Amino acid sequence: MRGLRGRADRVAAPVRIAVAVRRLHPDAVLPRYSTDGDAGADLTSVAEVTLRPGCRALVPTGLALSLPPGTVGLVHPRSGLAARHGVTVVNAPGTVDSGYRGEVLVNLVNLDPTDEFTVHVGDRIAQLVVQEYFHADFSEVDSLPGSARGETGHGSTGGFGAAGLP
Ligand SMILES: O=c1ccn([C@H]2C[C@H](O)[C@@H](COP(=O)(O)OP(=O)(O)OP(=O)(O)O)O2)c(=O)[nH]1
């Protein structure tokens with residue numbers, strides 16, 4: 001808990017951490033925050049890829065990273081691409097493990113029902129959010145502590161039809 005309180009103390013500015021980046025392709029662009037307040041650093045394509053409606057592709061960034069132990073890179077969609085073209089990340093958010101040394105790939109899908117979409121070299125296709133994470137020590141128990149929510153979920157607080165759900 002001490003660590004969590006420490007984080008609350010430093011909300012005014014993001015913590016800066018060094019991340020080594022290897023360029024695997026001459027057109028690769030290092031991840032970049034567009035403005036100071038951005039959580040995600042833009043990831044850029046090194047390939048031209050055309051996505052037909054409903055199709056997906058692993059789009060290369062030409063970059064390999066060494067994220068510090070205890071951190072993870074999460075590959076999030078760009079809202080502009082999603083809103084304007086229906087193009088998003090299939091496995092959002094993609095997980096780039098700190099131990100991963102391969103090329104960061106973005107699994108883009110074109111959800112537009114009619115229009116194809118072409119990614120060009122240098123296009124910003126996704127954003128990488130670097131976060132800390134915990135490792136849980138999972139231990140089996142016979143019963144769990146009580147909570148306000150209990151076992152309810154899947155729309156139990158209302159707002160959507162619950163037909164067919166427990
Ligand atoms: O959007 C993504 C998601 C993952 N990766 C890379 C980094 C990550 O560390 C590795 C494995 O990802 P993940 O653990 O999600 O894949 P998996 O399907 O569980 O494969 P594995 O069995 O290799 O863990 O693939 C990417 O380049 N982009």
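Thresholds applied
Residues numbered from 1 in each chain as written. Predicted model: local features only at pLDDT ≥ 70, side-chain atom pairs only at ≥ 80, totals over all residues. Heavy atoms only, no water. Helix = DSSP H or I, 4+ residues; strand = E, 2+ residues; numbered from the N terminus. Buried < 20%, exposed > 50% of the residue type's maximum accessible area, 1.4 Å probe, protein only. Contact = heavy atoms within 4.5 Å. Areas by Shrake-Rupley, 256 points an atom, 1.4 Å probe, with all protein chains shown as cover. Near = heavy atom within 4 Å. Polar contact = N/O pair within 3.5 Å; in protein donor to acceptor, adjacent residues only side chain to side chain. UniProt positions renumbered as here; feature names shortened; annotations may be inferred. Pairing = 2+ DSSP bridges.

Caption draft 1: Highlighting the overall build of the protein chain. A tally of regular secondary structure across the protein chain gives two helices and 10 strands. When its helices and strands are written in sequence order, the protein chain yields α-β-β-β-β-β-α-β-β-β-β-β. The proportion of buried residues among the 166 residues of the protein chain is 28%. Sequence-distant contacts, at least 24 apart, represent 72% of the contacts inside the protein chain between residues at least 6 apart. When the accessible surface of the protein chain is summed, it comes to about 11,500 Å², and 53% of that surface belongs to carbon and sulfur atoms.

Caption draft 2: Quick look at the site of the ligand. The environment of the ligand is made up of Val-75, Asn-91, Gly-94, Thr-95, Val-96, Asp-97, Tyr-100, Glu-103, Val-104 and Leu-105. Asn-91 has a polar side-chain atom sitting 3.3 Å from an oxygen atom of the ligand. At a separation of 2.7 Å, a nitrogen atom of the ligand approaches a polar backbone atom of Leu-105. Coverage of the ligand by the protein amounts to 49% of the 570 Å² it exposes when considered alone. Listed by contribution, the elements that provide at least two residues to the shell around the ligand are β7 (94-96) and β8 (103-110).

Caption draft 3: Geometry of the UniProt feature "binding site: substrate" (unreviewed entry) in the protein chain. Mapped onto this numbering, the UniProt entry annotates "binding site: substrate" (unreviewed entry) at Arg-78, Ser-79, Gly-80, Asn-91, Thr-95, Val-96 and Asp-97. A maximum C-alpha distance of 26.0 Å among these annotated residues, which run over 20 residues, shows that they spread across the structure rather than meeting at one spot. On the secondary structure map, Gly-80 appears in helix α2 (residues 79-85). A relative accessible area of 27% places Gly-80 in the partly exposed class. Along the chain, Asp-97 turns up in the loop between β7 and β8. Residue Asp-97 is classed as partly exposed on the basis of its relative accessible area, which comes to 49%.

Caption draft 4: Local environment of the pairing of strand β5 (residues 71-76). Within β5, five of the six residues are buried, which leaves it mostly tucked inside the rest of the structure. Where β5 and strand β10 (residues 124-132) come together, six bridges link them in antiparallel fashion. Among the inter-strand pairings, Thr-71 is bridged to a residue of β10, identified as Glu-132. As defined by bridge partners, β5 adjoins β7 across three bridges and the pair is classed as antiparallel. Opposite Gly-73, over in β7, you have Val-96 as the bridge partner.

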